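Here is what each chain is made of, one letter per residue.
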Amino acid sequence: MKNLEGKIVYKGKTKNGLQILVRYPSKKDIKAIWKLINALSQERTFITFQGERITLLEETKYLEGQLEKIAKRKAVQLMAFSDGKLLGTTTIEMKDKVTRHIGNFGIIIAKDSRGQGTGKLLMKLAIDEAVKNIPDLEIITLQVFANNPLAYEMYKKFGFEEYGRLPYGIKLENKYSDDINMYKRVRGVKN
């Protein structure tokens, strides 16, 4: 197993011209990740955290688990930085047992970094890295809030197809949205 901790996978510009560095996480990134997830939770955007405060200890345990999964080739996590600031992070994490050929995709982008091509770049790089570094990966799945049409359309452009929708599956305060499930085959699925 090769150590991917801190490995740079991209250095350049987004399509919108933003100078960016994309790499795997390292232990020293804990405070940046912790600040980002808490900022997004307080924003109450299109993520499962909706105002909860994650402790530094909880986030440290999460990062340690991610680094272990990356080392075992069961996950890919990439982080995008510009001028030393964390803009966003994305993960493809493998399921287990009878679904061990499926990786679940997730992405978060800082509020002031949206619409600059960061999410598209992170998604492309994460899929490429997952195909290259996770030997069991055949299908990538994701969930998207129906009231997030920008993300839904981006996923469709990346080849994801809707395979299920749970009406009222997301409850944000007292408003509901459908929970949409999407998938993309990345390697031959055999019967």
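In case you missed it, the structure is sitting above this.
Residues numbered from 1 in each chain as written. Predicted model: local features only at pLDDT ≥ 70, side-chain atom pairs only at ≥ 80, totals over all residues. Heavy atoms only, no water.

## A short note on helix α1 (residues 30-43)
At step 1: Here α1 is 14 residues long and its end C-alpha atoms lie 20 Å apart, about the 20 Å a rise of 1.5 Å per residue gives.
At step 2: All of the buried residues in α1 are Ile30, Ile33, Trp34, Leu36, Ile37, Asn38, Leu40 and Ser41. (Helix = DSSP H or I, 4+ residues; strand = E, 2+ residues; numbered from the N terminus. Expected span 1.5 Å × (residues − 1). Buried < 20%, exposed > 50% of the residue type's maximum accessible area, 1.4 Å probe, protein only.)

## A few points about helix α3 (residues 118-133)
At step 1: If you check α3, its first and last C-alpha atoms are 22 Å apart, about what 16 residues at 1.5 Å a residue would give, namely 22 Å.
At step 2: What α3 keeps buried is the set Thr118, Gly119, Leu121, Leu122, Met123, Leu125, Ala126, Ile127, Glu129, Ala130 and Asn133.

## A closer look at the packing of aromatic side chains
At step 1: Under the definition given, this model contains four aromatic pairs.
At step 2: Consider the rings of Phe105 and Tyr155, whose centres lie 6.1 Å apart with planes at 80°: the pair is edge-to-face. Placement of the pair is Phe105 in strand β5 (residues 102-109) and Tyr155 in helix α4 (residues 149-157), with a sequence separation of 50 residues.
At step 3: Taking the centre distance of 5.9 Å and the plane angle of 75° together, the rings of Tyr163 and Tyr183 count as edge-to-face. Of this pair, Tyr163 sits in strand β7 (residues 161-172) while Tyr183 is found in strand β8 (residues 175-185), placing the two residues 20 residues apart along the sequence.
At step 4: Classification of Tyr163 as partly exposed rests on a relative accessible area of 48%.
At step 5: Each member of the aromatic cluster is reached from another via a ring pair, and the members are Phe105, Tyr155 and Phe160. (Phe/Tyr/Trp six-rings, centres within 6.5 Å; stacked < 30°, edge-to-face > 60°.)

## Digging into the nonpolar core
At step 1: Counting residues in each nonpolar core, the largest one holds 36 residues, and the members touching the most others are Met123, Tyr155 and Phe160.
At step 2: Going through the elements one at a time, β2 (19-23), β3 (75-82), β4 (85-94), β5, α3, β6 (139-145), α4 and β8 are the ones with two or more residues in this core.
At step 3: Considering every element that reaches this core, the biggest residue donor is α3, with seven residues. (Core = buried A, V, L, I, M, F, W, Y, C linked by side-chain atoms within 4.5 Å.)

## So, the sheet that holds strand β1 (residues 8-13)
At step 1: Judged by pairing direction, the sheet is mixed, and its eight strands sit side by side in the order β1-β2-β3-β4-β5-β6-β8-β7 without closing on themselves. Each end of this open sheet is capped by a strand with a single partner; those strands are β1 and β7. Strand after strand, the sheet turns through a mean of 20° between neighbouring axes, direction not considered.
At step 2: In the sheet, β2 pairs with β3 via three bridges, with the strands oriented antiparallel. Across the sheet, the residue bridging to Val22 is Ala80, located in β3. (Pairing = 2+ DSSP bridges. Axes fitted to C-alpha atoms, helices over the stretch in contact; angles between N-to-C directions.)

## Here's the deal with the pairing of β6
Note on strand geometry: in a regular strand, side chains alternate between the two faces of the sheet.
At step 1: Counting buried positions over the seven residues of β6 gives six, a clear majority of the element.
At step 2: Across three bridges, β5 lies against β6 in parallel orientation. The partner of Gly103 across the bridge, within β6, is Ile140.
At step 3: In the classification by handedness, the crossover that spans β5, the intervening α3 and the parallel β6 is right-handed.
At step 4: Of the pairings in the sheet, the one linking β6 to β8 comprises seven bridges and is antiparallel in character. In the sheet register, Gln143 faces β8, and the bridge partner there is Asn181. (Right-handed = clockwise from strand over helix to strand, strands pointing away.)

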